[in-house]
Amino acid sequence: MSPSRISRVAVTPVAFADPPLLNVVGVHQPWALRAVVEVHTDDGLLGLGETYADETHLARLTAVAEALPGHDPYDIHGLRRLVAAVLGRETGGAGASFGGMLDVSSAVDTVHSPFEVACHDLQGRAAGVPVSDLLGGAVRDRVPFSGYLFYKWAGHPGLDADAWGEALSPEQLVAQARRMVDGWGFGSLKLKGGVLPPDEECAAIEALAEAFPGMPLRLDPNGAWTPETSVAVADRLEGVVEYLEDPTPGIEGMAQVAARTAVPLATNMCVIAFEHLPPAIAADAVQVVLSDHHLWGGLRRSAQLGGITDTWGLGLSMHSNSHLGISLAAMVHLAAATPNLTYACDTHYPWKDQDIVAPGALDFVDGSVAVPTGPGLGVELDRDRLGLLHEQYLRTDVRRREDTVYMRTVEPGFTPNTRRW
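Read on for an overview of the structure. (Residues numbered from 1 in each chain as written. Predicted model: local features only at pLDDT ≥ 70, side-chain atom pairs only at ≥ 80, totals over all residues. Heavy atoms only, no water.)

**Considering the sheet that holds strand E1 (residues 6–17)**
In step 1: Here three strands make up an open sheet; going across it, the order is E1-E4-E5 and the pairing antiparallel. Where the open sheet ends on each side, the last strands, each with one partner, are E1 and strand E5 (46–51). Looking at each pair of strands side by side, their axes are set apart by 20 degrees on average, direction ignored.
In step 2: Here six bridges tie strand E4 (residues 31–41) to E5, and the two strands are oriented antiparallel to one another. Within E5, the position partnered with Glu38 by the bridge is Leu48.
In step 3: Across the sheet, helix H1 (residues 55–67) lies against E1, E4 and E5, angled at about 160 degrees from E1, the strand it touches most.
In step 4: Contacts between helix H3 (residues 108–127) and the sheet are confined to E1, E4 and E5, with E5 contributing the most and set at about 150 degrees to the helix. (Pairing = 2+ DSSP bridges. Helix = DSSP H or I, 4+ residues; strand = E, 2+ residues; numbered from the N terminus. Axes fitted to C-alpha atoms, helices over the stretch in contact; angles between N-to-C directions. Contact = heavy atoms within 4.5 Å.)

Listed below in structure tokens is the structure:
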């Protein structure tokens, strides 16, 4: 019997409603974009992947999709070589930027990731085993997640207030957190900071600590503070937060802060590629790495990252961006097969009200998602839902994530707040 080969690949951009969530570079636009990757084989199997969907990324995905027919879905190393070759022809090896905060020197890993995930989905479906088995086996049957809190407007300008309402004060954030905990059962909470002056964000964390005694808390200002301010915040919140995430930009700045506080520092900004690990470890700049298979090159390379963090005694968790069910399923399988996952994972999942996978496979119970036990990722594509979200993409004029540009339609003088305070 001849080995299975990839027969065709479809890349479908989709859009889903996103609330006006505030951050250091602005505010989320009314629509979040994702791309759904479908990899078909000549023996009738389908593997799924999901990734970003800005215009530049979509063009790169499409170029790789056109080159994939005939490829062996088990040849993951060959897949990465193919992606590198295609990107070298199409872009000259250029880097990639996502959301104004994540920049990588090479786009190979971010483009490779959804195809690699889809190939693992195919392999699991062919063998009748879950993807976590392909990654070494699940070491936990449920994966814990952290509730993701945001400062936000009541609604997008010109539109009615959304169901979450405004969150600009400690009291409003506590109410938002209560909804997260009551609705999804989260056992830890993370606040996206970098929006208000540090004293106000510290007060919000302290209000959360009072409202939810003993609950692990995190604060992520996305590099909004100077090293001096970061140290002052760490002193104030020591014993209140389990870690500070990217309080100041860059490995050098993070090292300055780490040398002066016992509060662990986490990152998904200054260490988002393998070449960032040696200088960060040498400088003791971070104590927790937030992995992200979309950025690190897929599931196997993220597992490799897990081994490196274990070797060097670093904590490990998982970063999140606005995502749908295929990404959540991939995150759950990866987290399930990562022995040294030391902190609950981030997720934006409660902030969306639409999806492209059939319901029931990825339910939150007590803040955790059970690892799907069906073959592959354990989720099925709902084509009616996919069609609806694709139509939304076609109707909207959003083609890239531009939080700063959108914020300036409301506040013309706005500038990103990196190291503002």
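**Concerning the environment of Arg301**
In step 1: Within the secondary structure layout, Arg301 lies in helix H11 (residues 299–311).
In step 2: Assessed through its relative accessible area of 21%, Arg301 is described here as partly exposed.
In step 3: In the structure, Arg301 is positioned 260 residues away from Thr41 in sequence and 24 Å away in space, judged by C-alpha atoms.
In step 4: Apart from the residues lying within four places of it in its own chain, the contact partners of Arg301 are Arg80, Asp109, Phe274 and Trp296.
In step 5: Of note is the side chain of Arg301, whose polar atom sits 3.2 Å from the side chain of Asp109.
In step 6: A polar contact is formed between the side chain of Arg301 and the backbone oxygen of Trp296, at a distance of 3.3 Å. (Buried < 20%, exposed > 50% of the residue type's maximum accessible area, 1.4 Å probe, protein only. Polar contact = N/O pair within 3.5 Å; in protein donor to acceptor, adjacent residues only side chain to side chain.)

**Quick notes on the pattern of salt bridges**
In step 1: Within this structure, the stated rule accounts for 20 salt bridges.
In step 2: Here Arg125 ties to Glu380 by a salt bridge, and the two come within 3.1 Å at their closest N and O atoms. One end of the pair, Arg125, is in helix H3; the other, Glu380, is in the loop between strand E17 (368–370) and helix H13 (383–395), and 255 residues separate them in sequence.
In step 3: A relative accessible area of 46% places Glu380 in the partly exposed class. (Salt bridge = Lys/Arg side-chain N within 4 Å of Asp/Glu carboxyl O.)

**Description of the packing of H3 against H11**
In step 1: Two elements in contact, H3 and H11, have axes separated by 8 Å at closest approach and are oriented at 105 degrees. When the interaxial angle is binned, H3 and H11 end up roughly perpendicular. Contact residues: Asp109, Glu116, Val117 and His120 in H3; Leu299, Arg300 and Arg301 in H11.
In step 2: A per-class count over the contact of H3 with H11 returns two nonpolar, one polar and four charged. (Parallel < 35°, antiparallel > 145°, perpendicular 65-115°, else oblique. Nonpolar A, V, L, I, M, F, W, Y, C, P; charged D, E, K, R; others polar.)

**Quick word on the layout of surface pockets**
Over the atoms, a rolling probe the size of a water molecule traces out where space has been left empty.
In step 1: Counted as a void, the second largest pocket has a volume near 320 Å³.
In step 2: Around the second largest pocket, the lining is made up of 18 residues, and of these Ala17, Asp18, Pro19, Asp162 and Asp353 lie nearest the centre.
In step 3: Of the residues assigned to the lining of the second largest pocket, the class counts are ten nonpolar, two polar and six charged. (1 Å grid on protein atoms, 1.4 Å probe; cavity = no way out; pocket = protein on both sides within 12 Å on 5 of 7 lines; lining within 4 Å. Points joined across faces, edges and corners; volume = space filled by probe spheres on them.)

**Description of the nonpolar core**
In step 1: Judged by nonpolar contacts, the single largest core of 136 residues is most densely connected at Phe115, Phe145, Leu189, Leu208 and Ile356.
In step 2: Sort the elements by how many residues they give to this core and helix H12 (residues 325–336) lands first, with nine residues.
In step 3: The contact partners of Leu189, leaving out residues within four places of it in the chain, are Ser146, Gly147, Leu149, Ala177, Val181, Leu208, Phe212, Met215, Pro216, Leu217 and Arg218. (Core = buried A, V, L, I, M, F, W, Y, C linked by side-chain atoms within 4.5 Å.)

**As for the packing of aromatic side chains**
In step 1: This model, assessed by the stated rule, comprises ten aromatic pairs.
In step 2: Seen in terms of ring centroids, Tyr148 and Phe150 are 4.7 Å apart; in terms of plane orientation they differ by 25 degrees. Their pairing is stacked. Side by side, Tyr148 and Phe150 carry an identical accessibility label, which is buried.
In step 3: Taking 5.0 Å as the distance between ring centres and 85 degrees as the angle between the ring planes, the aromatic pair formed by Phe274 and Trp296 counts as edge-to-face. One end of the pair, Phe274, is in the loop between strand E12 (265–267) and helix H9 (277–282); the other, Trp296, is in helix H10 (residues 293–296), with 22 residues separating them in the sequence. Like Trp296, Phe274 is buried.
In step 4: Among the aromatic residues, those joined into a cluster by ring pairs are Phe145, Tyr148, Phe150, Trp164, Trp184, Phe186, Tyr349, Trp351 and Phe364. (Phe/Tyr/Trp six-rings, centres within 6.5 Å; stacked < 30°, edge-to-face > 60°.)

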